[in-house]
Protein chains: 10
Amino acid sequence: MSKQASKELEVFPNPKPSRDYTIYIESPEFTCLCPKTGQPDFATLKLEYIPDAFCVELKSWKIYLWSYRNEGGFHEDLTNKILDDLVELLNPRYIRLTADFNVRGGIYTTITAEHQSPDWTRKD
Amino acid sequence: MSKQASKELEVFPNPKPSRDYTIYIESPEFTCLCPKTGQPDFATLKLEYIPDAFCVELKSWKIYLWSYRNEGGFHEDLTNKILDDLVELLNPRYIRLTADFNVRGGIYTTITAEHQSPDWTRKD
Amino acid sequence: MSKQASKELEVFPNPKPSRDYTIYIESPEFTCLCPKTGQPDFATLKLEYIPDAFCVELKSWKIYLWSYRNEGGFHEDLTNKILDDLVELLNPRYIRLTADFNVRGGIYTTITAEHQSPDWTRKD
Amino acid sequence: MSKQASKELEVFPNPKPSRDYTIYIESPEFTCLCPKTGQPDFATLKLEYIPDAFCVELKSWKIYLWSYRNEGGFHEDLTNKILDDLVELLNPRYIRLTADFNVRGGIYTTITAEHQSPDWTRKD
Amino acid sequence: MSKQASKELEVFPNPKPSRDYTIYIESPEFTCLCPKTGQPDFATLKLEYIPDAFCVELKSWKIYLWSYRNEGGFHEDLTNKILDDLVELLNPRYIRLTADFNVRGGIYTTITAEHQSPDWTRKD
Amino acid sequence: MSKQASKELEVFPNPKPSRDYTIYIESPEFTCLCPKTGQPDFATLKLEYIPDAFCVELKSWKIYLWSYRNEGGFHEDLTNKILDDLVELLNPRYIRLTADFNVRGGIYTTITAEHQSPDWTRKD
Amino acid sequence: MSKQASKELEVFPNPKPSRDYTIYIESPEFTCLCPKTGQPDFATLKLEYIPDAFCVELKSWKIYLWSYRNEGGFHEDLTNKILDDLVELLNPRYIRLTADFNVRGGIYTTITAEHQSPDWTRKD
Amino acid sequence: MSKQASKELEVFPNPKPSRDYTIYIESPEFTCLCPKTGQPDFATLKLEYIPDAFCVELKSWKIYLWSYRNEGGFHEDLTNKILDDLVELLNPRYIRLTADFNVRGGIYTTITAEHQSPDWTRKD
Amino acid sequence: MSKQASKELEVFPNPKPSRDYTIYIESPEFTCLCPKTGQPDFATLKLEYIPDAFCVELKSWKIYLWSYRNEGGFHEDLTNKILDDLVELLNPRYIRLTADFNVRGGIYTTITAEHQSPDWTRKD
Amino acid sequence: MSKQASKELEVFPNPKPSRDYTIYIESPEFTCLCPKTGQPDFATLKLEYIPDAFCVELKSWKIYLWSYRNEGGFHEDLTNKILDDLVELLNPRYIRLTADFNVRGGIYTTITAEHQSPDWTRKD
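Residues numbered from 1 in each chain as written. Chains lettered and ligands numbered in written order. Predicted model: local features only at pLDDT ≥ 70, side-chain atom pairs only at ≥ 80, totals over all residues.

(A) The overall build of chain A, seen in detail. Scanning chain A for helices and strands turns up 2 helices and 6 strands. On the principal axes, the C-alpha backbone points of chain A span a range of 45 × 40 × 20 Å. A burial count over chain A gives 36% of its 124 residues as buried. Sequence-distant contacts in chain A: of pairs separated by 6 or more residues, those separated by 24 or more amount to 73%. (Helix = DSSP H or I, 4+ residues; strand = E, 2+ residues; numbered from the N terminus. Buried ≥ 20, exposed ≤ 12 C-beta atoms within 10 Å, placed from the backbone. Contact = placed C-beta atoms within 7 Å.)

(B) Focus on the nonpolar core. By size, the foremost hydrophobic cluster in this structure holds 141 residues, and its most contacted members are Leu97 of chain A, Leu97 of chain B, Leu97 of chain E, Leu97 of chain G together with Leu97 of chain J. Leaving out residues up to four positions away in the same chain, leucine 97 of chain A has contacts with Leu45, Leu47, Thr79, Ile82, Leu83 and Ala113 of chain A. Ranked by size, the runner-up nonpolar core spans 138 residues in total, among them Leu47 and Ile63 of chain F together with Leu78 and Ile82 of chain I. (Core = buried A, V, L, I, M, F, W, Y, C linked by C-beta atoms within 7 Å.)

(C) Region of interest: the arrangement of the chains. With respect to C-alpha atoms, chain A approaches chain I no nearer than 17 Å, and the pair has no contact. In this structure chain F stays clear of chain J, and the shortest span between their C-alpha atoms is 17 Å.

(D) Quick peek at the interface of chain E and chain G. Facing the 13 residues of chain E at the interface are 15 residues of chain G. Put simply, the parts of the chain that give the side of chain E that touches chain G at least two residues each are α2 (75–90) and β6 (108–116) of chain E. Partitioning the side of chain E that touches chain G into residue classes produces 5 nonpolar, 6 polar and 2 charged. Here 5 bridges tie β6 of chain E to strand β2 (residues 22–33) of chain G, and the two strands are oriented antiparallel to one another. For threonine 110 of chain E, the partnering residue across the bridge sits in β2 of chain G and is tyrosine 24 of chain G. (Nonpolar A, V, L, I, M, F, W, Y, C, P; charged D, E, K, R; others polar. Pairing = 2+ DSSP bridges.)

(E) Inspection of the relation of the copies chain E and chain G at higher detail. When chain E is fitted to chain G, the best match, at an RMSD of 0.0 Å, comes from turning it 72° and sliding it 0.0 Å along the axis. A rotation of that kind, with that shift, is consistent with a five-fold axis. (Least-squares fit on C-alpha atoms with pLDDT ≥ 70 in both.)

(F) Geometry of the interface of chain E and chain B. Each partner contributes to the interface: chain E provides 15 residues, whereas chain B provides 13 residues. Broken down by secondary-structure element, the contributors of at least two residues to the side of chain E that touches chain B are β2 (22–33) and α1 (58–66) of chain E. At 8 residues, the largest contribution of residues to the side of chain E that touches chain B is made by β2 of chain E. Considered class by class, the residues forming the side of chain E that touches chain B number 8 nonpolar, 2 polar and 5 charged.

(G) The pairing of strand β5 (residues 94–101) of chain F, seen in detail. Residues and elements named next belong to chain F. Summarising the sheet, strand β3 (residues 40–50) and β5 pair through 8 bridges and their orientation is antiparallel. Bridged to glutamate 48 within β5 is arginine 96. Across 7 bridges, the pairing between β5 and strand β6 (residues 108–116) is antiparallel. Bridging from a neighbouring strand, alanine 99 pairs with isoleucine 111 of β6. Following β5, the chain reverses through 6 residues before pairing antiparallel with β6; glycine 105 in that reversal takes a positive phi of roughly 60°.

(H) Molecular detail of the environment of asparagine 70 of chain I. Residue and element names in this part refer to chain I. Residue placement: asparagine 70 occurs in the loop between α1 (58–66) and α2 (75–90). Owing to 13 C-beta atoms within 10 Å, asparagine 70 belongs among the partly exposed residues under this scheme. On a C-alpha basis, the gap between asparagine 70 and threonine 31 in space is 8.3 Å, while along the polypeptide they are 39 residues apart.

(I) Just the pairing of strand β3 (residues 40–50) of chain G, in detail. Residue and element names in this part refer to chain G. Here β2 pairs with β3 via 9 bridges, running antiparallel. Each residue of the ladder has a partner; that of threonine 31, found in β3, is phenylalanine 42. The turn joining β2 and β3, which pair antiparallel and follow one another in sequence, is formed by 6 residues; a positive phi near 75° is taken by glycine 38.

(J) Molecular detail of helix α2 (residues 75–90) of chain B. Residue and element names in this part refer to chain B. Taking 1.5 Å per residue, 16 residues should reach 22 Å; α2 reaches 23 Å between its end C-alpha atoms and fits that length. Listing the buried residues of α2 in full gives His75, Glu76, Leu78, Thr79, Asn80, Ile82, Leu83, Leu86 and Leu90. At the exit of α2 stands asparagine 91, carrying a positive phi of roughly 45°. (Expected span 1.5 Å × (residues − 1).)

(K) Expanded view of the environment of glycine 38 of chain B. With respect to the helices, strands and loops of the structure, glycine 38 of chain B is situated in the loop between β2 (22–33) and β3 (40–50). The spacing of glycine 38 of chain B and alanine 113 of chain B is 75 residues in sequence and 25 Å in space, taken between C-alpha atoms.

(L) Expanded view of helix α1 (residues 58–66) of chain C. Trp61, Ile63, Tyr64, Leu65 and Trp66 of chain C are the residues of α1 of chain C that are buried. The secondary structure elements touched by the buried residues of α1 of chain C are β3 of chain B together with β2 (22–33), β3 (40–50) and β4 (54–56) of chain C.

(M) Up close: the environment of aspartate 52 of chain C. All names here are of chain C. Note on placement: aspartate 52 falls in the loop between β3 and β4. Separated by 38 residues in sequence, aspartate 52 and asparagine 14 place their C-alpha atoms 6.8 Å apart. Beyond its immediate sequence surroundings of up to four residues, aspartate 52 is in contact with Asn14, Pro17, Asn91, Pro92, Arg93 and Ser117.

(N) Here's a closer look at the confidence of the model for chain A. Residues at a pLDDT of 70 or more form 97% of chain A, whose mean pLDDT is 95. Scoring of the predicted complex yields 0.95 for pTM and 0.93 for ipTM. (pLDDT = per-residue confidence, 0-100.)

Quick look at the structure:
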């Protein structure tokens, strides 16, 4: 039982930096605490990005998500903070994060935020 | 049993006003009365917006929807009025409201209205 | 706007009392109030019965369900009371009522109750 | 344009009367008139039977259903009458008819009736 | 049983003519006769429009569709004629009609036609 | 292009005759000709059996089904004949064949026939 | 049993040539032979076109598809040839054909080809 | 933020003890820790019971499930322990608990346990 | 990269041997080689059992399935052999294994085998 | 058992090089080894391309995928390498490869890479 939740994300070098390609990672097991009531919240996180020099390592992403398990956070704030962490870590060409929260009080909420590198333009 | 339906919507400050991001809120429990027959109507409301300075508070949204429970209203009129209330409250960069009404007489009706702030343009 | 909610259910004579056959009626638009918080609850009611001398008239069933719109009631209690009303009204050979309530606090609840006439046995 | 709706059902000899086997016929295009309002009603008819000496011919079944197009009929009554017609025509070992009516007033209704020949018992 | 099928469509004033918004109406109970064989055809009609001064009244739309019940019509012709009737009635900013016909001879056919007012351009 | 359709089914010895177990084979690519019109019919065949001494070899089953490609046959007759062929070939403990035909004239037909060896009883 | 498969396609005059509208025809019962093994292949053909002066008659389309039943053909070749036949026949404003072949060797193949009349441009 | 996870379950009196009826409660937000790795596990709990004198109160059930959030537990053990707690609390006529765990290592695991009161027999 | 495929299955003691309860394990990633062609075959294995003294350890089950990756085996034979291995290992009260193989030549095959301990009878 | 996995892909001449059309090939049976743990990984490969002079032969594509069965490879690297092989082989006008990997540790990963010939531009 030695593994621990951690906010330390790890990277590995992009194996094909000459090509714009997309990595999509879906994590249906995100849970945090409601900052108002202290009770658990649940969400599916959907991450899509075009890597530049680095890719996020999947195990560290799993452990990073785990680190929110006993922390409070508002939906809109959390989604933007996780995106900010990824932008700082990866400096990706393009990145979008969607947080699809479980129903509360008969209401379903989804937050979607994205970021594009100022140094990059999509080639078409 | 002290809580009450109310048309008073509440806001909270947008935690990330520097970024254009999207909030989607689905409410499958909207009900009002048919202005012709007085009998109950049911709809799912789907709200999507890009906040500017403010976000709508979810509990107040739920109580706001509740306030229509014993009021009459035509489909097209209601959808536009609720959108108007949100535009006045939030002054959002972009907002769209879809009202998906339950079948009546073998006919399914959906109304979709949107509004964009004249001060804002989508960056691509 | 002269129609009104009412607990008065109406019947019509079973057109084929010599045969055991089944009538299934699904009503996805049931709503009442939570007796603890006063806020709206929503459910789908699924009724299945084998009529004896009488069948329930559908318009009166719709108006009967409407009569719960502004009344409080616990899930288990409501389901059993509606079944009792139908048993008293119809004295059916067999009847089953399922109330499938909308999610609250991440929890989905369904109540199922049935009744069989002591004078009747299924022929196989 | 010489074909016409007709209540005359046709049969053909069961090609394997020595075996109990099942024929299932689903007809999603049944329509009649509501006897109260005169407006169209729609249903899917699901017929399942174990033939004895005869099977129902499919084209005549289609034309038979067509004959209800401009006739009024209550749900419970129609279902039982169509079953009676089939029992008289085929004298089947076992037969069940389900009529799944389109939603009206937010309510879905399904009627199921069956008949078993007194001369026949299922072999298990 | 006094109601009657009729080609007379009714309108009501658009409650929000200052905004371009969309009304979607799905009617799964359209039926007419095949002009070649005289046998019934079935389709789902999907209507989407942006109203200008007027909206189509739903009950009259239902009764209008009913008026095709005993008329023959080719798929492509019917779809265009119904669209023409709506364009003449509503003079809408934009309108699209899709007729999704039931399978015949193992073949599924769908016709889609649209019209845009020459006086109107979509604002983006 | 040397392979040919053939009614010759092949078997292989049941590898576990001491145990009653089930083999289920679904073949969605069955086609024959309508004996009335000469036009193609299509069906999904669903075969389930408990083998005794032999199992049917899958390639020969595929080629056997192929042999019906240019033959006419009524639904009820074909289903019973294919079952008869399998009973004669395998003498299985239990066997059931379901033929799920594609829609014709708005009508879906499914035939189900089964056979049980007189020498065998299910152990429970 | 007089009907026969045939490559002769028939047309009828477009009832509304003044409008660009779309006809979509889905045929899930296409079958031909594999030119390598001689064994049957199966596909769903999805045809979408904007007619100019003529529309394809549905019965002749069905009989045309039937004509491939005992012919060999490679996926890519067949799809382009059928499209060529339709272009020659109809000279449509726009046409697209998708052939969705059944799985072989654990692999699903879909071919999509389209053609646009040089004389026509989409009005937006 | 005063609410706290707790193993204290609460009951309320069965409103209809004279009738055998079923309460079904589905909780898709159960999470605990893997006793081997310390990492989070996720499951959907499906509870079905026929109450005797008492019913479980839903808020306390939610808080009870929350109490497992930071505890380790093997799948088989947890499911049986939660069932034991409910049997001791409610002494129900019949109860079944299903724990449907999220995939790990490409493997999906579901545990189902049930208990029946020795004092009770199902009436049919 | 030290882990290795292995036919050595491991067990752990049943935590609740006093109760008959069910463990269901679904493994959609089973692959072996076709003994005729040497090419890969794929299946989903569905295992359901009521444990007696022991349960199968999930990691060893995963590694056991891995051991078939480069071995040939006929569908019917493999399913029975894996069941035999589990019966010998666990001596369960009841066990059922279903192997749902991927489509080959347009044909889907599923094998289901079960075993019950002679010392055990289901209590109802 | 003479067939063997091989990285040798074969081509055939494009039967319609004068037209830009699309070939889509879905292969749900891709498996390789995780380079970290040596354990099997599984993915569905989705390939879409517009051929120039050549098309990839399907049997050789199947055998090519088979060649990865006992090789290790990171998700991002493998996807780009397979795309590179196809670009070198076919020099297609456009090509896109999506690798949809099975869930690991509660996380689903999909990689999408594409390539366009510098000599080609889409005609619209």
